[in-house]
Amino acid sequence: MSVLAINGGEKVRTKLFPAYRVIGQEEQQAVARVLESGILSKYLGCWADDFYGGPQVQAMEREWAEYYGVKHAISVNSATSALYCAAGAVGLAPGDEVIVSPYTMCASATAPLIYNAVPVFADIEYDYYCLDADDIERKITDKTKAVIVVDILGQPYNVARINEIAKKHGLYIIEDNAQAPLAAFNGQYAGTFGDIGIFSLNYHKHIHCGEGGILVTNDDGLAERMRLIRNHAEAVVENKGVTNLNNMIGFNFRMTEIEAAITREQLKKLRWLVEERRRNVRYLEENLADIPFLTMPGIREGCEHSYYIHAMKYDEYMTGVPREKFVAAMQAELAPIELREGEGVKIGLGYLKPLYAQPLFRQKTAYGNTGYPFSQSVSYDEGICPVCEKICNSETIFHELMRPFMSREDLDDVLGAFHKVADNLDELRR
Ligand SMILES: *Cc1c(COP(=O)(O)O)cnc(C)c1O
């Protein structure tokens, strides 16, 4: 008789896992104060005092900059907008090339296209999933202007090597740190290693305000250009006396006072939330150590991980069971997370395709139908990033069942499911 739930046996867990409820009374009261004030956004899209936003926006930016030990923090309405601001601020121009990762959320690779620059994919590291320094070097041409590194899954990129390469070739580094707040390298926070760092405040990230993004930089000039792009630059440059008009067509990327007020409270909770993830991961890893076909995430020397995702590697040859089947069996044993029921059980296969496999790149169709701004000499064919393809096609398992608010009993159910499936692999081989 079968015991595995996928074959009709009893599930380890039917009760939903606890919601990731980070919004509490503090945020509710902060929002109530904003609503009472009647000022939901104070921005003006012209050169005036209110060009830089209202009291909540400005206070939050000061607090964020202080927290991360940077000179400037600039809020926007998403990390996607933040990437667009950064791409504009560094002066990307048509024909420029920007080295990007194929293993990330799409905006970290599409941002250059907004300024008609060409994304060039470099491969990732097998152990850490971040951009591979050697492949970046191979992909640099005389058109390369910047690298968008991603602190993917919660771990900093190879700061030491890649910053040196960028310096040698005169490239900007834009650091997409949407997934790794409070991750660190040699004691310094991720997000502060590039010329510009980017944070996300969307609902799925460590802390959130609904939708939001933050840019950080120590460069006064870049900071001012990003503030201009955020808020209708073209309408401001004349009165402000800005003479460099390069990429000074602005957007409306402004965050409201409500989200800024929420973010101020969220920032106070960030450290605890990251430390909880680390504690939960430690407990899971200690108790999964006896399963030989699972390998826990590699951590780069000198780095601290902040576990946006807890990614494992699964050895299909050792089990004789395809990864897809193993994951399906795990999903069958467990329940979704409350408030995210529609997403199913939060254990999966991770990013399934390199970004260059998306139709945008494969068909080289962005603006109109002429192939603009893509380049003949830049390929998006299968095979350009073999490590990424291998990781997408096999081995990797993502799960999010290590988030704060998971109790010991909740984590024990996760462990119970892993052990139950591991002990009954025969049922999956049949
Ligand atoms: C979430 C995410 C983004 C985009 O964030 P939004 O705030 O949703 O625009 C960008 N890059 C990475 C790596 C992300 O995980």
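Refer to the structure printed above.
Scoring rules and cut-offs
- Residues numbered from 1 in each chain as written.
- Predicted model: local features only at pLDDT ≥ 70, side-chain atom pairs only at ≥ 80, totals over all residues.
- Heavy atoms only, no water.
- Helix = DSSP H or I, 4+ residues; strand = E, 2+ residues; numbered from the N terminus.
- Rg over C-alpha atoms; globule rule 2.2 N^0.38 Å.
- Buried < 20%, exposed > 50% of the residue type's maximum accessible area, 1.4 Å probe, protein only.
- Areas by Shrake-Rupley, 256 points an atom, 1.4 Å probe, with all protein chains shown as cover.
- Lys, Arg positive; Asp, Glu negative; His and termini not counted.
- Charge placed at Lys NZ, Arg CZ, Asp CG, Glu CD.
- Axes fitted to C-alpha atoms, helices over the stretch in contact; angles between N-to-C directions.
- Parallel < 35°, antiparallel > 145°, perpendicular 65-115°, else oblique.
- Left-handed = near helix turned anticlockwise from the far one by under 90°.
- Contact = heavy atoms within 4.5 Å.
- Nonpolar A, V, L, I, M, F, W, Y, C, P; charged D, E, K, R; others polar.
- Near = heavy atom within 4 Å.
- Polar contact = N/O pair within 3.5 Å; in protein donor to acceptor, adjacent residues only side chain to side chain.
- Pairing = 2+ DSSP bridges.
- Salt bridge = Lys/Arg side-chain N within 4 Å of Asp/Glu carboxyl O.

(A) Structural view of the overall build of the protein. Within the protein, the secondary structure is distributed over 15 helices and 14 strands. By the compact-globule yardstick of 22 Å for 430 residues, the protein fits well, its C-alpha radius of gyration being 23 Å. Per-residue burial for the protein yields a buried fraction of 57% across its 430 residues. Put simply, the protein shows about 17,800 Å² of open surface, and 50% of that area lies on carbon and sulfur atoms. Seen as two clouds, the 44 positive and the 59 negative side-chain charges of the protein have centres 1 Å apart.

(B) Quick look at the packing of helix 3 (residues 79-89) against helix 4 (residues 107-114). Orientation of helix 3 relative to helix 4, taken along the N-to-C sense of each, is 45 degrees, at an axis distance of 9 Å. By the angle class used here, helix 3 and helix 4 are oblique. Considering only the axes of helix 3 and helix 4, their crossing is right-handed. Two secondary-structure elements touch here, helix 3 through Thr80, Leu83, Tyr84 and Ala87 and helix 4 through Ala107, Ser108, Ala111 and Ile114. Residues of the contact of helix 3 with helix 4, tallied by class, amount to six nonpolar, two polar and no charged.

(C) A look at the environment of Gln358. For Gln358, the position within the fold is in the loop between strand 13 (347-348) and helix 12 (359-362). Residues Gln358 and Tyr380, 22 residues apart in the sequence, show an inter-C-alpha distance of 9.3 Å.

(D) Highlighting the environment of Ala32. For Ala32, the location among the structural elements is in helix 1 (residues 25-37). In this structure Ala32 comes out as partly exposed when scored by relative accessible area, which is 30%.

(E) Looking closely at the site of the ligand. Lining the immediate environment of the ligand, one finds 14 residues, of which Thr80, Asp176, Ser200, Asn202 and Lys205 sit closest. Ala79 places a main-chain nitrogen or oxygen 2.8 Å from an oxygen atom of the ligand. Measuring from an oxygen atom of the ligand, one finds a side-chain N or O atom of Gln179 at 2.8 Å. Burial of the ligand by the surrounding chains reaches 93%, relative to a free accessible area of 380 Å².

(F) Structural context of the sheet that holds strand 1 (residues 72-76). Sheet architecture is open: seven strands sit in the order 1-9-8-5-4-2-3, paired in mixed fashion. The open sheet has two edge strands, strand 1 and strand 3 (118-121), and neither has a second partner. With strand direction ignored, the average angle separating the axes of adjacent strands in the sheet is 25 degrees. Lying over the sheet, helix 2 (residues 55-68) contacts strand 1, strand 8 (196-200) and strand 9 (213-217), oriented at roughly 135 degrees with respect to strand 1.

(G) View of the pattern of salt bridges. With the rule as written, the count across this model stands at 30 salt bridges. Between Glu61 and Arg230 there is a salt bridge, with its nearest N and O atoms 2.8 Å apart. Taken together, the residues Glu61 in helix 2 and Arg230 in helix 7 (residues 220-230) connect sequence positions 169 residues apart. Across this residue pair, the class does not change: Glu61 and Arg230 are buried. Lys168 is the partner of Glu137 in a salt bridge, and the nearest nitrogen-oxygen pair spans 3.8 Å. Placement of the pair is Glu137 in helix 5 (residues 133-139) and Lys168 in helix 6 (residues 159-169), with a sequence separation of 31 residues. Taken together, the salt bridges that share partners define one network made up of Arg340, Glu343, Lys346, Glu400 and Arg403.

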